[in-house]
Amino acid sequence: MESQPLQDPASAAHGAEPAAAGAPPAVVPGKEFTRTCKGLVVVLVGGYVLLQLLPSSLDYLAIIPAKTIPFVWTFFTAGYIEQVLPGAIGSSLGLLFCGKDIEPVWGRKEFLKFIILVNSICGILAFCFAVALYYVTGKESFLVTPLSGFHGCLAGFLVGLKQLLPNLELPMCFFWKIKAKWMPFFVLCFSTIMAFIVPDSINFLPTLLSGMYVSWIYLRYFQRNPLTGLKGDPSDDFSFPSLFPDAMRPVTDPVANFFDRILCARSRPSELALPVSDPTKASRRRERGERVLEERLAADHAADTEAPAQGHSAAQD
């Protein structure tokens, strides 16, 4: 059964302020791993196990630029093939934890559509980037290095979390957390630095960057938003400059204007039924969602603390 968008839990609470007419339901973090994500984890782990049993299968599943022309299906399969164990574990965990927050809002079909779309376009762009590096540097290693992995889609999930739960705190280590709205920029900076420190990691950089920007373009201009019913997300909180600190606006604003001219100019005249939502209203909806999230977390914490107390009193009786 397909997942449904999350409902506003505050609407049923006593004394809670009723939501405005036509307002979308608030988004809250998921609590359980979805069946779809568990199935995809089986695919990722199965791809890694297959490579260990049949190493030659890498030539037919991963993107090898020198061999891609006859094996064009690798554009669609490479995103699900992890070549090393840490990659398989990391991708599986990222899929489970990101998917439990995203899939209940988007629905199963849209979630799978997003994964297939992002993985396929990332594969094509990674191929183009490797060929370009070969012509620039003359190094044949760019043509024979297998390119694969789910990291492009994971980068796209971070953009999705920024859209749905921008103030959700994601754990980075034991004592440090970062809000979801800054995760795409953090991953971009970290991956770029690692590309200079560890030369082999440059193979991951094009896929990560492609995953972020392909997913942002899709969510910004093309996805039918399940919360608002509109096509795309025109709010200022999800604009291209919002992916970066304010100090970078002189660079990011021209890029955002370019996307708006190219993509919005084509879609608006042909689709008159797609109104552009008011950025102020969108911001209010996000603030209302954040308040609902805080109420939900407080209620869960209260329930967890009351349950042991009730059990203790029952034991005494």
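One structure accompanies this document, and this report is about it. (Residues numbered from 1 in each chain as written. Predicted model: local features only at pLDDT ≥ 70, side-chain atom pairs only at ≥ 80, totals over all residues. Heavy atoms only, no water.)

Let's talk about the overall build of the protein
And then number 1: When its secondary structure is counted, the protein shows 11 helices and two strands.
And then number 2: Listed by position from the N terminus, the elements making up the protein come as α-α-α-α-α-α-α-β-β-α-α-α-α.
And then number 3: The burial tally for the protein puts 43% of its 317 residues in the buried class.
And then number 4: Residue pairs in contact within the protein that sit at least 24 positions apart in sequence constitute 69% of those at least 6 positions apart.
And then number 5: For the protein, the exposed area adds up to about 17500 Å²; of that, 65% sits on carbon and sulfur atoms. (Helix = DSSP H or I, 4+ residues; strand = E, 2+ residues; numbered from the N terminus. Buried < 20%, exposed > 50% of the residue type's maximum accessible area, 1.4 Å probe, protein only. Contact = heavy atoms within 4.5 Å. Areas by Shrake-Rupley, 256 points an atom, 1.4 Å probe, with all protein chains shown as cover.)

So, the side chain of Ser239
And then number 1: Looking at the element boundaries, Ser239 is found in the loop between α9 (205-222) and α10 (249-270).
And then number 2: Take Ser239: its relative accessible area is 10%, and that puts it in the buried class.
And then number 3: A polar atom in the side chain of Ser239 sits 3.0 Å from the backbone oxygen of Asp236.
And then number 4: Apart from the residues lying within four places of it in its own chain, the contact partners of Ser239 are Trp216 and Arg220. (Polar contact = N/O pair within 3.5 Å; in protein donor to acceptor, adjacent residues only side chain to side chain.)

Considering empty space enclosed by the protein
And then number 1: For the structure on display, the rule yields two cavities of 30 Å³ or more.
And then number 2: In this structure, the largest cavity occupies an estimated 80 Å³ of space.
And then number 3: Volume-wise, the second largest cavity comes out at about 30 Å³.
And then number 4: Lining the second largest cavity we find Pro184, Phe185, Leu188, Met212, Tyr213, Leu243 and Phe244.
And then number 5: Among the elements of the structure, α8 (183-197) and α9 are those that each provide at least two residues to the lining of the second largest cavity.
And then number 6: In terms of residue count, α8 provides more of the lining of the second largest cavity than any other element does, three residues in total. (1 Å grid on protein atoms, 1.4 Å probe; cavity = no way out; pocket = protein on both sides within 12 Å on 5 of 7 lines; lining within 4 Å. Points joined across faces, edges and corners; volume = space filled by probe spheres on them.)

Focus: helix α5 (residues 108-137)
And then number 1: Over its 30 residues, α5 runs 43 Å from end to end, which matches the ideal 44 Å to within 8%, given 1.5 Å per residue.
And then number 2: Positive backbone phi, at 80°, marks Gly138, one or two positions downstream of α5. (Expected span 1.5 Å × (residues − 1).)

Remarks on the environment of Tyr213
And then number 1: Among the structural elements, Tyr213 can be located in helix α9.
And then number 2: A relative accessible area of 25% places Tyr213 in the partly exposed class.
And then number 3: Taking the C-alpha atoms as reference, Tyr213 lies 9.1 Å from Ala155; in sequence the two are 58 residues apart.

Focus on the pattern of salt bridges
And then number 1: Applying the stated criterion to the full structure yields two salt bridges.
And then number 2: One salt bridge in this structure joins Lys67 and Asp59, with 3.9 Å as the shortest N-O distance.
And then number 3: Among the residues examined, Lys67 registers a relative accessible area of 37% and is labelled partly exposed.
And then number 4: Among the residues examined, Asp59 registers a relative accessible area of 29% and is labelled partly exposed.
And then number 5: Note that Asp101 is salt-bridged to Lys100, the shortest N-O span being 3.5 Å. Taken as a pair, Asp101 and Lys100 share a single burial class, namely buried. (Salt bridge = Lys/Arg side-chain N within 4 Å of Asp/Glu carboxyl O.)

Things to note about the nonpolar core
And then number 1: By size, the foremost hydrophobic cluster in this structure holds 46 residues, and its most contacted members are Leu95, Trp106, Phe111, Ile115, Phe150 and Phe157.
And then number 2: Going through the elements one at a time, α1 (35-53), α4 (85-106), α5, α7 (151-164), α8 and α9 are the ones with two or more residues in this core.
And then number 3: Tallying contributions element by element places α7 first for this core, with eight residues.
And then number 4: Excluding anything up to four places from it in sequence, Ile115 contacts Leu40, Tyr80, Phe150, Cys153 and Phe157.
And then number 5: Ala78, Ala126, Phe127 and Ala130 belong to the second-largest nonpolar core, a separate cluster that totals seven residues. (Core = buried A, V, L, I, M, F, W, Y, C linked by side-chain atoms within 4.5 Å.)

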